[in-house]
Amino acid sequence: MKKSTLVMILALVFVFQALAVAYASEVVVYSARKEHLIKPLFDAYTKETGVEINYLTDKAGPLMEKIRAEGKNTPADLLITVDAGNLWYAAKSGVLESVDLNVLQKNVPDYLRDPGNRWFGLSVRARTIVYSTERVKPSELSSYEALAGPEWKGRLCLRTSKKVYNQSLVAMMIAEHGVEKSESIVKGWVGNLAAKPFSNDTKVMQAIVAGQCDVGIVNTYYYGRLLKKDPKLPLSLYWPDQQGNGVHVNVSGAGLVKYSKNKDEALKLLAWLSSEKAQNLFADSNMEYPVNPSVKPHPNVAAWGDFKKNLINVSKAGELQAEAIKLMDRAKYK
Amino acid sequence: MLPAINVMKYMDGWRASALLISLLVAVPIVVVLVSMLSVTGDIWEHLVENVLSELLVNTVWLVAGVAAGTYLIGVSLAWLTAVCDFPGRKFFSWSLLLPLSIPAYVLAFVFLGIFDFTGPVQTLLRGWFGAENVHFPDVSSTGGVITVMTLVLYPYVYLLARNAFMTQGRRALEAAASLGHSRVSGFFRVALPMARPWIAGGVLLVVMESLADFGAVSIFNYNTFTTAIYKAWFGFFSLPAAAQLSSILVLIVFIIIVMEQRMRSGMKFTRAGREAAGGGRIRLKGVWKWTAFAVSFSVLLVAFIIPVIQLLIWTVEVFEEEFSFRYFGFLTHSLLLGIAGAIIVCSLALVLSYSKRHHPDKLSGFLTRTATLGYALPGTVLAVGVFIPVAYLDNVIIDVMRNMAGLEMTSLFKGSLFVLIIAYMIRFMAAGFNTINSAMQRVTRSIDEAARLMGMRGIKMLSKVHLPILKGGVFTAAIIVFVDIMKEMPITLMMRPFGWDTLAVKIFELTSEGEWARAALPSIVLIMAGILPVILLTRKGERS
Amino acid sequence: MSAMLEVKNICHSYGKTSIIKDLSFSLTRGSIGCLLGPSGCGKTTVLRTIAGFESVTEGEIFLNEHVISRKGFTLGPEKRRIGMVFQDYALFPHLTVSGNISFGLGKIGATEKRLRVSSLLETMHLADVRNKYPHEISGGQQQRVALARALAPRPDLILMDEPFSNLDVSLREKVSMEVRDILKEYGATALIVTHNQLEAFAISDEIGIMHNGQMHQWDTAHELYHQPATPFVADFVGEGVLIRGVVINNNQVTTGVGFLHGQFMMSCREGNEVDVLIRPDDIVHDDESSVKATVLEKTFRGASIMYTLLLDSGEKVLSLVPSHHEHPIGQQIGIMVMVDDIVLFNRERHCNVGPGPSEKQAVTESR
């Protein structure tokens, strides 16, 4: 290659670099929680404190691989991601740093954060049973496990086992009942399916409305979204296991990146996100539940009723996730 | 170029460039494959025991089905619009390319939304005949996913086959007729085999796309190698297991490419006869002409009109909520990346193809095969493969700078547009190269020799002699790459600089939260941005 | 002998431009015909109408006494039993030599097919390259493959469009003789289009001279040379020159090269103003002659030299003389014309000398 070409390429790299740097500023967040859910929060934070937030969204896996590859030179300060499994793996792979901050420990209950304080849940997502109000009486329902019973033959709809929500659900079941019992439950579910597993929760609910099946398992906020569009939706939520361990919950959460260059500002942001002020904004944007016990959910969400949450530490979901996937593969749950 | 290299007889600028390009592509693939060397133990065992056979069967079905489907639709529509005449031919000849601008995952979602149990079609049927009497085939099936992928990918075959038929020359068909072969027989025994390199190039793109596709198959919950790779990585948190699966995928693609090249080694395809088909189209009559119309129209209807109408309906519903002036930024970013990427990919594909022509030996074959492998890897896996070495290089340079000059910085190459575009090159080289290389076969030896006698060599030969002949092919390649880049998600997500969100990024954000209706706005903008060049492309083809 | 091909008064036009005007000829079974004419005279179009690629707007074409083209009817090319050798050969690039040759052998048995192909390969000296692809063999070989491919289905008629134009000049005559031998060996009836008269003379039994879409004369080479029907034929065939003359009586004419005495090929009246055909070999050098001419140009042709001479009348004639007769350019030499048969055409339309193109039909039919 000619020298001049090489010089030109290098010059271009630096020009692009300058452009990229021009955007960089105070706190850098890598987020697997989607832009339209976090941007309003960041805007509010900037308005309140004057601190600029720079963020990059992607799937959790690539974001973590990215932080690992960048190593000591990562620009990231904070990692926000969805699902306890991802948070657990981020902590395990050593990209997060343990944080000792009273306000966080006060705002986030034990079971919704890492035992080593490397990540903190910021919103709660409940995965529960949804049923057709036309064909199912709530009295027929009791627990997730009961959906494996013969009375639900050809009446159950599920989302694909590839979705992390179901992997976490089964992981928590393993934590409670052990592998063998959980496997027979999942096999029971698969045997009861009215249709092949769907690719998302909304499809599960639409199938119930259309009469393809009668019950399903979904995250509550998907129900909320559908209800918003059609207030007369012939579906209702059921809180299972209220006499037992309670409803399976999962979190979206955040942790401090180990090689953050700006730990003070990053921690301030993290603490703020768990505060009463931010919690409603954080949860309500997606009709989720706040983690902070002193914050009430949005009235629309609260209207679905109070329920007992499963208090096993959500990091279990991460620990047992691989086990859960293997189990579902064996049970031919696609 | 480098004087040291000139010493070796078979080495010159072209060879060296080809070496460099294939090296660029090889690095991320090697990075991915090397990571498979780390032990994964029980995960791999589990995969082999419980899912591998299903993956193989599913993947083979998908690839075979989509290849057959795109071949059938692409070639027959290309023949109809390139050689025959029937009502609406001119309109169809360009509009049949429009599905090129629709991302596969968008069509998949729309298709399921319309035709599955909860969709309007089946609901309507149940309303008319009662739930017990409606036996609609399960659309969320192998057949369904093959249909959707076929409808999205057939334009690749259509485009290249049409190009071949238009420039094939009438002579060969006349020769066949003079030897007692009817039009039908002439088509199967002469026109079709002669168009084979182009058709094969198109089908190869289709095969690679369907192997790498994640969006559409996951909407159908259809397990393929790609979905398994994602599961290994995001579910088992095992990049090594994902790499092991990817290596099987790379191997499959490599075998397919080698097989395809073996199949037509020894054959050379230059056009027979000087007359283009333009003058004497075959005028279809009676039933045939309306059949041709009906076939073309139904493909266009299902693959483009219906999904666009559905997207428009959704867009109207969400417009107020979703639209903001940031969309102009998304659009600009998408366009800029698409254009820059198309230019880089096509230039390098040209260099690669030219180098192969200059050195028609085994090494060239190996280099070009390597350089086109990036197309078949699932995007996310490739993205990591690109990112890891770039970040490594960055870290080395940053450390050196810190120690030597006391300079503090966090990134040099990573997160720069330059690297993003290189990553696109690695991913889409096949899309550019296959098209350009097919066109290159049309430049005969004697053209080279004539130009050489007039004192043209190297770059000058390329720009003065070959480029004008290759113009059509290069333009086609540029459009394909442009549209592909605009639709691309995982690499853009991972490699984009801060603030460089594109339409595809926006679609990803919304769809991964299940907000399909809201994703309609960026989708429709993306499709519209892709349509214009597609129309340009066919106008071009019509003239030449 | 019956006519294998009969072309009767055909016309063909493209849009408003008429390409072939009222053209007729016929070809007997087993003979080789040739359409000769300058580029753009419509000869290739005639070939394509016979092959069935173009339709006729008037007239009829018969093959083996069956009509294959007439106004409003064109039998499909694949149903005509006509083979064609294209100018660029149009070999199928995706098939080997054998594959190309056997391409037209549709409905016959495998053994017969193999036999026919191998016998053709043998005859055409192509056995060594049977498994090669067209781009791997030489131009002469490609030419033979094209011919073999056309011959293989044993068509009633073989059409060849400028079959030798892609060959080396030195090869042409040899190959065209070979082709003639092969065609004769197979008893094939063939019609060849060319613009090269030597080629036409070498290969064909009968030749048609075409100009502007019209047939000027359909005849043997000898007749064309010695009894050209029109000034165009006289001019085109051989290297003849027409110079002005006046008829003195029924075997004498006075011209710029002096008095010519001989037998008139057409009857002419005394006093008619005519054009007289002078061929290069008619003029000999004679220092005694009173007719002088100036050497304008000369072209060395090996055994002979072609001189272009300027007459006192301002007209030019060609003279072919043995090459030991050297004359520098500009020299004045004495010449004389040695002819037995005088070919002349009347310049005035009212004189009933040789036929014009429009009257050709009558002449042809009267034969």
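Residues numbered from 1 in each chain as written. Chains lettered and ligands numbered in written order. Predicted model: local features only at pLDDT ≥ 70, side-chain atom pairs only at ≥ 80, totals over all residues.

Draft legend 1. Layout of the overall build of chain C. Helix and strand counts for chain C come out as nine helices and 23 strands. Projected onto its principal axes, the C-alpha positions of chain C cover 75 × 45 × 40 Å. In chain C, which comprises 367 residues, the share counted as buried stands at 43%. Summarising the internal contacts of chain C: among those between residues at least 6 apart in sequence, 65% fall at separations of at least 24. (Helix = DSSP H or I, 4+ residues; strand = E, 2+ residues; numbered from the N terminus. Buried ≥ 20, exposed ≤ 12 C-beta atoms within 10 Å, placed from the backbone. Contact = placed C-beta atoms within 7 Å.)

Draft legend 2. Quick peek at the overall build of chain B. Assigned secondary structure in chain B consists of 24 helices and two strands. Of all 544 residues assigned to chain B, the portion counted as buried reaches 56%. Counting contacts in chain B only where the partners sit at least 6 residues apart, residues at least 24 apart contribute 83% of the total.

Draft legend 3. Examining the confidence of the model for chain C more closely. Residue and element names in this part refer to chain C. In this model, chain C carries an average pLDDT of 84, and 94% of its residues clear a pLDDT of 70 or more. For the stretch residues 350-367, pLDDT sits under 50, and the model shows 29 contacts to residues farther than four places along the chain or on other chains. If you check the scores for this complex, the pTM reads 0.80 and the ipTM reads 0.82. (pLDDT = per-residue confidence, 0-100.)

Draft legend 4. Representation of the pairing of strand S2 (residues 17-28) of chain C within the structure. Residues and elements named next belong to chain C. The pairing of strand S1 (residues 3-14) with S2 spans eight bridges and is classified as antiparallel. Along S2, the bridge assignment pairs Tyr14 with Thr17. Counting the residues that bridge the hairpin from S1 to S2 gives two residues, and of these Gly15 lies at a positive phi of roughly 65 degrees. (Pairing = 2+ DSSP bridges.)

Draft legend 5. Broad picture of the arrangement of the chains. Out of two pairs of chains that touch, the pair holding the most contacts is chains A and B. Separated without contact, chain A and chain C have their nearest C-alpha atoms at a distance of 36 Å.

Draft legend 6. Here's a closer look at the sheet that holds S1(C). All names here are of chain C. Across the sheet, five strands lie side by side as S2-S1-S4-S5-S6; this open sheet has antiparallel pairing. The outermost strands of the open sheet, each flanked by one partner alone, are S2 and strand S6 (73-74). Two elements, S1 and strand S4 (residues 58-63), share five bridges in a ladder whose sense is antiparallel. Bridge pairing in S4 links Val7 to Ile61.

Draft legend 7. Region of interest: unusual backbone geometry. All names here are of chain C. Located in the positive-phi region is Arg81, a residue other than glycine, with phi close to 60 degrees. On the secondary structure map, Arg81 appears in the loop between S6 and strand S7 (82-85). For Tyr89, which is not a glycine, the phi torsion comes out positive at approximately 70 degrees. As for its position among the elements, Tyr89 is in the loop between S7 and helix H2 (97-101). The buried category is assigned to Tyr89, around which 25 C-beta atoms lie within 10 Å.

Draft legend 8. Structural view of the interface of chain A and chain B. Across the boundary between the two partners, chain A contributes 50 residues, which contact 49 residues of chain B. Tallying contributions element by element places helix H1 (residues 3-23) of chain A first for the side of chain A that touches chain B, with seven residues. Here the side of chain A that touches chain B is built from residues that sort into 21 nonpolar, 16 polar and 13 charged. (Nonpolar A, V, L, I, M, F, W, Y, C, P; charged D, E, K, R; others polar.)

Draft legend 9. Highlighting the packing of helix H2 (residues 13-34) of chain B against helix H16 (residues 326-358) of chain B. All names here are of chain B. At a minimum axis separation of 9 Å, H2 and H16 run at an interaxial angle of 125 degrees. What the angle tells us is that H2 and H16 run oblique. Crossing hand, H2 versus H16: left-handed. Taken together, the residues of H16 that come into contact with H2 (itself represented by Trp14, Arg15, Ser17, Ala18 and Ile21) are Leu348, Val351, Leu352, Tyr354, Ser355 and His358. (Axes fitted to C-alpha atoms, helices over the stretch in contact; angles between N-to-C directions. Parallel < 35°, antiparallel > 145°, perpendicular 65-115°, else oblique. Left-handed = near helix turned anticlockwise from the far one by under 90°.)

Draft legend 10. Seen up close, the nonpolar core. Counting 387 residues, the largest nonpolar core has A:Leu78, A:Leu79, B:Ala108, B:Ala161, B:Met429 and B:Val481 as its most contacted members. No other element matches the 18 residues that helix H19 (residues 417-440) of chain B contributes to this core. (Core = buried A, V, L, I, M, F, W, Y, C linked by C-beta atoms within 7 Å.)

Draft legend 11. View of the packing of helix H6 (residues 164-177) of chain A against helix H7 (residues 179-192) of chain A. All names here are of chain A. Following both chains from N to C, one finds H6 and H7 inclined at 135 degrees, their axes separated by 7 Å at the closest point. Taken together, the axes of H6 and H7 are oblique relative to one another. In terms of crossing hand, the pair formed by H6 and H7 is right-handed. Side by side, H6 and H7 meet where Val170, Met173, Ile174 and His177 of the first sit next to Val179, Lys181, Ser182, Ile185 and Val186 of the second. Of the residues contributing to the contact of H6 with H7, the split by class is six nonpolar, two polar and one charged.

Draft legend 12. Structural context of the sheet that holds strand S23 (residues 344-346) of chain C. Residue and element names in this part refer to chain C. Taken together, five strands build an open sheet; the order of strands is S14-S13-S12-S16-S23 and the sheet is antiparallel. In this open sheet, the two edge strands, each paired with only one partner strand, are strand S14 (258-261) and S23. For this sheet, the mean inter-axis angle between neighbouring strands, taken without regard to orientation, is 40 degrees. Sheet topology places strand S12 (residues 241-249) next to strand S16 (residues 273-278); six bridges connect them, and they run antiparallel. Bridging across to S16, Arg244 finds its partner in Asp275.

Draft legend 13. Summary view of the interface of chain C and chain B. With 20 residues of chain C at the interface, the matching set in chain B holds 21 residues. The element best represented in the side of chain C that touches chain B is S7(C), accounting for three residues. Residue composition of the side of chain C that touches chain B, grouped by class: 12 nonpolar, five polar and three charged.

Draft legend 14. Structural view of the environment of A:Glu52. All names here are of chain A. Residue position: Glu52 is located in the loop between helix H2 (35-49) and strand S2 (53-57). For Glu52, a count of 15 C-beta atoms within 10 Å translates into the label partly exposed. In this structure, the C-alpha to C-alpha distance between Glu52 and Lys163, residues 111 residues apart in sequence, is 34 Å.

Draft legend 15. Quick look at helix H10 (residues 183-194) of chain B. Residues and elements named next belong to chain B. Listed in full, the buried residues belonging to H10 are Gly186, Phe187, Val190, Ala191 and Met194. An end-on view of H10 places all buried positions within 130 degrees of arc, on one side of the element. Against the buried residues of H10 lie helix H4 (52-83), helix H8 (142-167), helix H9 (171-178) and helix H11 (196-212). (Arc of directions from axis to C-beta.)

Draft legend 16. Just the environment of A:Asp201, in detail. With respect to the helices and strands, A:Asp201 occurs in helix H8 (residues 201-210). With 27 C-beta atoms packed within 10 Å, A:Asp201 lands in the buried category. C-alpha separation for the pair A:Asp201 and A:Pro115, spaced 86 residues apart in sequence, amounts to 30 Å. If we skip the residues at most four places from it in the chain, A:Asp201 touches A:Arg159, A:Val218, A:Asn219, A:Tyr222 and B:Gly514.

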